Amino acid sequence: MFADDRRATWERSHRVCVVIRTRTDLSRMLDVLRALDGDPRLDFYWTINEGSRFAGGARERLARLDVQFVEWGQARSMVFDLIIAAHSDGALGELVGPVVTMAHGTGYNRRVLWRTEDADSPAGLSAKELTRGERVVAAAIGLSCESQVDQLSMANPHAVPRAFQMGDPTWDRMVANVDMRESFRRELGIGAHHRLIGISSTWGPDSTLGVDHLVVNRVVAALPHDEYRVVLILHPNVWTHHTGFGVRGLFGDAIEAGLVIVLPTTDWPAPLIAVDAFIGDHGSVSVYAAALGRPFLFAGRGDDELVKGSTTLDFVRAAGRLDAAADLRAQIVDAMRRYARSGVAEVARRAMGSQGRSLRLLQAKFYELMALDPPPQVPHPRRYSRLRLVRDDHGVTAFHCHPTLTVRPDCTVTVSVERYPAVLAEHRSPAHGGGAAVLVVDEHESNHQLKESAEVRVCGDDRDAAAVWGRITRTLLDSPCFLAAGVNGSRLLVGTRLGGRWDVRRVGGVPIDPGALAAAVYQLAVEPGRELSPSGVAGRGVSTVEVQVGAMTSTIAITRVSANAHSP
């Protein structure tokens, strides 16, 4: 027991110092330290190696974790049995104790000249970072795959004897949690009929957002809302440099349109398991997503920022490219169709060596350096905590709808409706959706201009039918819309500017959003060619209609409350 530890509840004999420089380091450390969990002999201290321009928020995050924090100056005066860092820096040599360094992502890939002063050495393995004077600082240098031995040998051959294979604890944790996919999708609000598209961006001008800061808006705008959802994962350095306020401001319209953003303080790998396809750059998040087998499109630059021989450079060159000027939806669908045969996942997995063994390898090395017998239990990856997200829980309240009416030979009438968030209309190609769009706006929409431009307005639920009809009447009087609808229990009441009134009820299939139903009824009322005029199909007694919205189909019965020749 330490001399100053008389108030301790259990005895501790060895000090472990965890050194972070940024919030990215912290994320890695939380996976790595699982190798030391449950050992009462260990006393953990945390400190920050100051100097990174991306250190902002690290102290606050440590405070929320309730760790034993010491300032760098105090840490320098202490003796530790083990020092662990997810970065390389000569300053680590100022601390007393055996140092273990490792990458904070999928290996050593970036060319960062101001850190390495060597164009051929990746950040983390350069002689400048690994040495202090003539001495190699680290007692052990963690590598995640065999190819990194060659990288280290080229960058700093004197450090090769200190290298050890540690695998990738973040990857092993993902693999251990893949069966939680449906749970993660529920947390993200993803239904069985949705495809979830992930987008990630590392930091800097060669990143996804550095190449095109509007690409997120373009993707959300291009995808039918009832078929797709989009989740965004940003590198912690983006949050640090641009601030949470700046991030939420930049993506405010996209959030209103349904975008979900993963906060940097949450377990970001969980959404990677949940996605159906992924768009990203040369950051580690993209490599992990692709390695999980998620169809991937590359949206960054990255080649100039990656050193030769890095696994990420191989991955970037193998991946398909996203063309922001072409049909984004078609590219995503094509990527999902072709990905299994592309070989990209196999290239991405080259960075993940010793799969399933990372915590065991880390435990062995840590206890060897502490000259301490390891506990009898073998550590295993932990489950992920509940996600912390930025999203708009009100839902989308204004859509540009593209309804299409078809009449089969048996006179079955089907209206298919594709809906796109109206707030992102300026980012959507005119080709998306096909045909003229119908603007359908809910009463909770806060954009007055959209309300005044709407062809269809939808009122909220009310148990009193008379009250709903009253709101429909007032809406038609007070706004230029052609059709107004209101929810009355399980039915939708509809009125038009021409005086028609209808009662719409579901008689089969699955429930469909009232706004989508209202768009379908609008199409029945104004279809060019008058297929539903008295001389058309409606005149021959059609009373039920199929409505398709994405993968959902509902059969509705439309009952005329007040006759009108121009309506269904």
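Everything numeric here is computed off the predicted structure, so don't read it as measured data.

Cut-off values and rules
Residues numbered from 1 in each chain as written. Predicted model: local features only at pLDDT ≥ 70, side-chain atom pairs only at ≥ 80, totals over all residues. Heavy atoms only, no water. pLDDT = per-residue confidence, 0-100. Contact = heavy atoms within 4.5 Å. Pairing = 2+ DSSP bridges. Helix = DSSP H or I, 4+ residues; strand = E, 2+ residues; numbered from the N terminus. Salt bridge = Lys/Arg side-chain N within 4 Å of Asp/Glu carboxyl O. Buried < 20%, exposed > 50% of the residue type's maximum accessible area, 1.4 Å probe, protein only. Right-handed = clockwise from strand over helix to strand, strands pointing away. Axes fitted to C-alpha atoms, helices over the stretch in contact; angles between N-to-C directions. Phe/Tyr/Trp six-rings, centres within 6.5 Å; stacked < 30°, edge-to-face > 60°. Lys NZ or Arg CZ within 6 Å of the ring centre and 35° of its normal. Expected span 1.5 Å × (residues − 1). Arc of directions from axis to C-beta. Polar contact = N/O pair within 3.5 Å; in protein donor to acceptor, adjacent residues only side chain to side chain. Core = buried A, V, L, I, M, F, W, Y, C linked by side-chain atoms within 4.5 Å.

## Some remarks on the confidence of the model for the protein
Working step 1: In the predicted model, the protein carries a mean pLDDT of 89, and the fraction of residues at 70 or more is 92%.
Working step 2: Note that pLDDT drops below 50 for residues 529-542; the model gives that stretch 23 contacts with residues more than four away or on any other chain.
Working step 3: A low-confidence stretch, residues 563-568 stays under pLDDT 50, and its non-local contacts, those more than four residues away or across chains, total 17 contacts.

## Details of the sheet that holds strand β9 (residues 195-201)
Working step 1: In space, the seven strands of this open sheet follow the order β14-β13-β12-β9-β10-β11-β15, with mixed pairing throughout. Pairing within the sheet leaves two strands with one partner each, and these edge strands are β14 (320-321) and β15 (389-390).
Working step 2: Across seven bridges, the pairing between β9 and strand β10 (residues 228-234) is parallel. Bridging from a neighbouring strand, Leu196 pairs with Arg229 of β10.

## What about the pattern of salt bridges?
Working step 1: With the rule as written, the count across this model stands at 30 salt bridges.
Working step 2: Between Asp39 and Arg41 there is a salt bridge, and its shortest N-O distance comes to 2.8 Å.
Working step 3: Residue Asp39 is classed as buried on the basis of its relative accessible area, which comes to 7%.
Working step 4: The salt bridge partner of Arg419 is Asp226, with a shortest N-O separation of 2.8 Å. Here Asp226 lies in the loop between α10 (215-222) and β10 and Arg419 lies in strand β17 (residues 413-421), a separation of 193 residues in the sequence. Each of the two residues, Arg419 as well as Asp226, counts as buried.
Working step 5: Shared partners join several salt bridges into a network, and the residues in it are Asp31, Arg173 and Asp267.

## Some points on the pairing of strand β12 (residues 277-280)
Working step 1: A two-sided burial pattern is seen for β12, the buried positions comprising Ala277 and Ile279 on one face and Phe278 and Gly280 on the other.
Working step 2: As judged from the three bridges shared by β9 and β12, these two strands associate in the parallel manner. What sits directly across from Gly198, in β12, is Phe278.
Working step 3: Sheet topology note: the β12/strand β13 (residues 296-298) ladder contains three bridges and is parallel. Among the inter-strand pairings, Ile279 is bridged to a residue of β13, identified as Leu297.
Working step 4: Where the polypeptide runs from β12 across helix α14 (residues 284-291) and back to β13, its parallel neighbour, the crossover connection is right-handed.

## Overview of the sheet that holds strand β7 (residues 140-143)
Working step 1: Overall, parallel pairing links the six strands, which are arranged β2-β1-β3-β4-β7-β8 in an open sheet. Bordering the open sheet on either side are β2 (42-48) and β8 (163-165), each of which pairs with just one other strand. Shown here is a sheet whose adjacent strand axes are inclined to one another by a mean of 25 degrees, direction ignored.
Working step 2: Pairing of strand β3 (residues 82-85) with strand β4 (residues 99-101), which is carried by three bridges, proceeds in the parallel orientation. Residue pairing across strands places Ala85 opposite Thr101, the latter belonging to β4.

## Here we look at the side chain of Ser479
Working step 1: Within the secondary structure layout, Ser479 lies in the loop between α20 (465-478) and β20 (483-488).
Working step 2: With a relative accessible area of 6%, Ser479 lands in the buried category.
Working step 3: Other than its neighbours up to four places away in sequence, Ser479 contacts Arg457 and Arg497.

## Concerning the packing of aromatic side chains
Working step 1: Per the stated rule, a full pass over the model turns up five aromatic pairs.
Working step 2: Between Tyr45 and Phe80 the ring centres are 6.0 Å apart and the planes differ by 65 degrees, which places this aromatic pair in the edge-to-face class. Note that Tyr45 is positioned in strand β2 and Phe80 in the loop between α3 (72-76) and β3, a separation of 35 residues in sequence. Summarising the burial analysis for this pair, Tyr45 and Phe80 share the class buried.
Working step 3: Measuring from ring centre to ring centre gives 5.9 Å for Trp268 and Tyr288, while their planes differ by 40 degrees; the resulting arrangement is tilted. You can see Trp268 sitting in the loop between β11 (260-262) and α13 (269-274) and its partner Tyr288 sitting in helix α14, a full 20 residues away along the chain. For the residue pair Trp268 and Tyr288, the accessibility class agrees, reading buried in each case.
Working step 4: Stacked on the ring of Phe399, the Lys or Arg Arg419 has its end atom at 4.1 Å from the ring centre.

## As for the pairing of β20
Working step 1: With six of its six residues buried, β20 lies for the most part within the structure.
Working step 2: Of the two faces of β20, the one holding Leu483, Ala485 and Val487 and the one holding Ala484, Gly486 and Asn488 are both buried throughout.
Working step 3: Of the pairings in the sheet, the one linking strand β19 (residues 456-461) to β20 comprises five bridges and is parallel in character. Counted as the bridge partner of Val458 is Ala485 from β20.
Working step 4: You can see the chain leave β19, run along α20 and come back into β20, and the turn it takes is right-handed.
Working step 5: Strand direction decides the pairing type here: β20 and strand β21 (residues 491-496), joined by six bridges, are antiparallel. Across the sheet, residue Ala485 finds its bridge partner in β21, namely Val494.
Working step 6: Between β20 and β21, which pair antiparallel one after the other, the connecting turn spans two residues, and Gly489 there sits at a positive phi close to 65 degrees.

## Topic: α20
Since the α-helix advances by 3.6 residues per turn, residues separated by three or four positions end up pointing in the same direction.
Working step 1: For α20, spanning 14 residues, the distance from its first C-alpha to its last is 20 Å, which sits close to the expected 20 Å at 1.5 Å a residue.
Working step 2: Those residues of α20 that sit buried are Val468, Trp469, Ile472, Thr475 and Leu476. Taken down its axis, α20 places every buried residue within 125 degrees of arc, on the same side. In this structure, α20 carries Ala466, Leu477 and Asp478 as exposed residues pointing more than 90 degrees from its buried face.
Working step 3: Between the side-chain oxygen of the N-cap and the backbone nitrogen of Ala466 there are 3.0 Å, and the N-cap of α20 in question is Asp464.

## Considerations on the nonpolar core
Working step 1: Counting residues in hydrophobic clusters, the biggest one holds 41 residues, and the most contacted among them are Met174, Leu188, Trp268, Leu272, Phe296 and Phe315.
Working step 2: At the level of secondary structure, the elements contributing two or more residues to this core comprise α7 (169-176), β10, β11, α13, α14, β13, α15 (311-318) and α17 (344-348).
Working step 3: Top contributing element to this core by residue count: α14, with six residues.
Working step 4: Excluding its chain neighbours within four sequence positions, the residues that come into contact with Phe296 are Phe278, Ile279, Gly280, Asp281, Ser286, Ala290, Phe315, Ala319, Gly320 and Tyr339.
Working step 5: Ranked by size, the runner-up nonpolar core spans 39 residues in total, among them Ile20, Leu36, Leu143 and Leu359.

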